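For reference, the chains in residue letters:
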Amino acid sequence: MTHDVTVHPLFSPWGRFGLYSFYVDAPEPAIVDTGISTSPAEGMAPALEAIGRRIEDVRWILLTHGHIDHVGGAHALWELTGRRAQVVIHEADAPMLRSRQAHVDEYRAGRGRYLHDPEGEAKVAAATKAVISGELEPTVLVKGGETLSLGGDVTVSVHALPGHTPGSVAYVVDGQCAAFVGDAVQVHGAANGFPGYTDPSAYRAGLRHLRDEVRPRRLYLGHPYRRADGTPYGVELDEARAREAIDESLAAESQVAGAACRCLASGLAPTDSPYSPFAAAAHELGYTGDPTLEPSPFFTSMHAYRTRGGSVPGEGASHRSTQP
């Protein structure tokens, strides 16, 4: 039986976002997610020193997924541990840790198709150089289903939650059922006010797995995601609020799915709207956020319904558009 371990949130500022990593105070200490390149030295190290811990003693770097604000500080943190920490990521998102170019490729294949910014790829490339501390080969690749030992009787189970990204995972401290989910529970989105995912069906399935199988007693989020009225959840949720956030995430996805599928069924056509060619979906949802602000979850999710197929839960077959 795993004894309870203490978890310390580690905050790093970044533009409009608050980036959160988590220190798991186990016999072999772990940090879940790493912020950006400056986060380990400027945020984590002083915060750990203040609680009598040393960043040099971290032995596990657990990455929930491959986005730059979660893996950007991984190389720098690994260096600060004397290159002794094990670096863990799902095999599907490992290219995002190994290569800055993978982030540019992701932009080009997805949201970049709708932003029509001639400098878009160059901006993403510049961002990867600025906020990713270095390209890094992971030491442990996971698929989901693995158990990691953090020393003593502390073990962490890995749960695959594809949807936000193909390689999104939750790390669950066994016994106390504390789940670190990164961005796999989007609710109504973070700073951009829209939930973002690359595979709607997988995202839905991951939320149901969390709710029905994991049933976290403590849920740790990568950002302070928001309720429908715009008020933010914290990043440490107790059992009741965890269930609420998961249920609200499912409800939000269902609402977005309905609007997206009706938009796709009507046919896509370019317009002057900044939400083109998904203006009808934005209008139906009452979404008025700026879709050009990175990471542009509106276009990420709309593109996912278009290319992966999307269906309103419980309403049968998916709609897929082949129009421009």
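This report concerns the structure included in the present document. (Residues numbered from 1 in each chain as written. Predicted model: local features only at pLDDT ≥ 70, side-chain atom pairs only at ≥ 80, totals over all residues. Heavy atoms only, no water.)

## Details of the overall build of the chain
A count of helices and strands for the chain gives eleven helices and twelve strands. Taken over C-alpha atoms, the radius of gyration comes to 19 Å for the chain, in line with the 20 Å a tight globule of 324 residues would show. Projected onto its principal axes, the C-alpha positions of the chain cover 60 × 40 × 30 Å. For the chain, the proportion of its 324 residues judged to be buried stands at 55%. For the chain, restricting intrachain contacts to residue pairs at least 6 apart in sequence, the fraction spanning at least 24 positions comes to 64%. Of the charged side chains in the chain, 28 are positive and 39 negative; the average position of the first set lies 3 Å away from that of the second. (Helix = DSSP H or I, 4+ residues; strand = E, 2+ residues; numbered from the N terminus. Rg over C-alpha atoms; globule rule 2.2 N^0.38 Å. Buried < 20%, exposed > 50% of the residue type's maximum accessible area, 1.4 Å probe, protein only. Contact = heavy atoms within 4.5 Å. Lys, Arg positive; Asp, Glu negative; His and termini not counted. Charge placed at Lys NZ, Arg CZ, Asp CG, Glu CD.)

## Re the sheet that holds strand 2 (residues 17-24)
Spatial strand order, 1-2-3-4-5-6: six strands in an open sheet with mixed pairing. The open sheet has two edge strands, strand 1 (7-14) and strand 6 (140-142), and neither has a second partner. In this sheet, neighbouring strand axes are inclined to one another by 20° on average, regardless of whether the strands run parallel or antiparallel. Where helix 1 (residues 39-50) meets the sheet, its contacts fall on strand 1, strand 2 and strand 3 (30-32), and the angle it forms with strand 1 comes to roughly 145°. (Pairing = 2+ DSSP bridges. Axes fitted to C-alpha atoms, helices over the stretch in contact; angles between N-to-C directions.)

## What about the pairing of strand 8 (residues 155-160)?
In the sheet, strand 7 (residues 147-149) pairs with strand 8 via three bridges, with the strands oriented antiparallel. Paired with serine 149 across the bridge in strand 8 is threonine 155.

## Focus: the nonpolar core
Val181, Val185, Leu219, Phe278, Phe298, Met302 and Tyr305 are the most contacted members of the largest nonpolar core, which totals 46 residues. Tallying contributions element by element places helix 9 (residues 239-266) first for this core, with ten residues. Sequence-distant contacts of valine 185, that is, excluding residues within four places in its chain, are made with Tyr203, Leu207, Leu210, Leu221, Tyr225, Ala245, Ile246 and Ser249. Of all hydrophobic cores here, the second largest spans 24 residues; its members include Ala26, Val32, Phe180 and Val235. (Core = buried A, V, L, I, M, F, W, Y, C linked by side-chain atoms within 4.5 Å.)

## Comments concerning the packing of aromatic side chains
Where two aromatic rings form a pair, the distance of their centres and the angle of their planes describe that pair. Applying the stated criterion across every chain yields a total of 15 aromatic pairs. When the ring of phenylalanine 180 is compared with that of tyrosine 220, the centres are 4.7 Å apart and the planes differ by 15°; the resulting orientation is stacked. With phenylalanine 180 in strand 10 (residues 178-182) and tyrosine 220 in strand 11 (residues 218-221), this pair connects stretches of sequence that are 40 residues apart. For the pair phenylalanine 180 and tyrosine 220, a shared accessibility class is recorded, and that class is buried. A centroid spacing of 5.2 Å and a plane angle of 75° characterise the contact between phenylalanine 194 and phenylalanine 298, whose relative ring orientation is edge-to-face. Here phenylalanine 298 lies in helix 11 (residues 297-308) and phenylalanine 194 lies in the loop between strand 10 and helix 8 (200-214), a separation of 104 residues in the sequence. For phenylalanine 298, a relative accessible area of 0% corresponds to the buried category. (Phe/Tyr/Trp six-rings, centres within 6.5 Å; stacked < 30°, edge-to-face > 60°.)

## Points about helix 11
The end-to-end C-alpha distance of helix 11, which contains twelve residues, comes to 16 Å, matching closely the 16 Å that a straight helix rising 1.5 Å per residue would cover. Counting buried positions along helix 11 gives ten out of twelve residues, so the element sits mostly inside the fold. Listing the buried residues of helix 11 in full gives Pro297, Phe298, Phe299, Thr300, Ser301, Met302, His303, Ala304, Tyr305 and Arg306. In the core, the buried residues of helix 11 are packed alongside helix 5 (101-109), helix 6 (112-115), helix 8, helix 9 and helix 10 (279-285). Of the residues flanking the end of helix 11, it is glycine 309, one or two places downstream, whose phi is positive at about 85°. (Expected span 1.5 Å × (residues − 1).)

## Considering unusual backbone geometry
Among all residues except glycine, the phi angle is most often negative; among peptide bonds, the trans geometry is most common. With an omega of 0°, the peptide bond between serine 276 and proline 277 qualifies as cis. Turning to its location among the elements, proline 277 is positioned in the loop between helix 9 and helix 10. For histidine 116, which is not glycine, the phi dihedral falls at a positive 50°. On the basis of relative accessible area, histidine 116 is assigned to the exposed category, the value being 63%.

## Describing the side chain of serine 301
As for its placement among the helices and strands, serine 301 is situated in helix 11. Overall, the relative accessible area of 0% leaves serine 301 in the buried class. Setting aside residues up to four positions removed in sequence, serine 301 forms contacts with Phe194, Pro195, Gly196 and Tyr197.

## Looking at the environment of isoleucine 55
In this structure, isoleucine 55 sits in the loop between helix 1 and strand 4 (60-62). Its relative accessible area of 5% is what places isoleucine 55 among the buried residues. Distance from isoleucine 55 to alanine 41, taken between C-alpha atoms, is 8.9 Å for residues 14 residues apart in sequence. Beyond its immediate sequence surroundings of up to four residues, isoleucine 55 is in contact with Pro40, Met44, Ala45, Leu48, Leu77, Leu80 and Thr81.

## Considerations on the side chain of threonine 34
If you trace the backbone, threonine 34 turns up in the loop between strand 3 and helix 1. A residue is classified by how much of its surface remains accessible, and threonine 34, at 0% relative accessible area, is buried. In this structure the side chain of threonine 34 is engaged in a polar contact, spanning 3.3 Å, whose partner is the backbone nitrogen of glycine 73. Once residues within four sequence positions are removed from consideration, threonine 34 is found in contact with Ser21, Ser39, Pro40, Met44, Ile61, Leu63, His70, Val71, Gly72, Gly73, Ala74 and Leu77. (Polar contact = N/O pair within 3.5 Å; in protein donor to acceptor, adjacent residues only side chain to side chain.)

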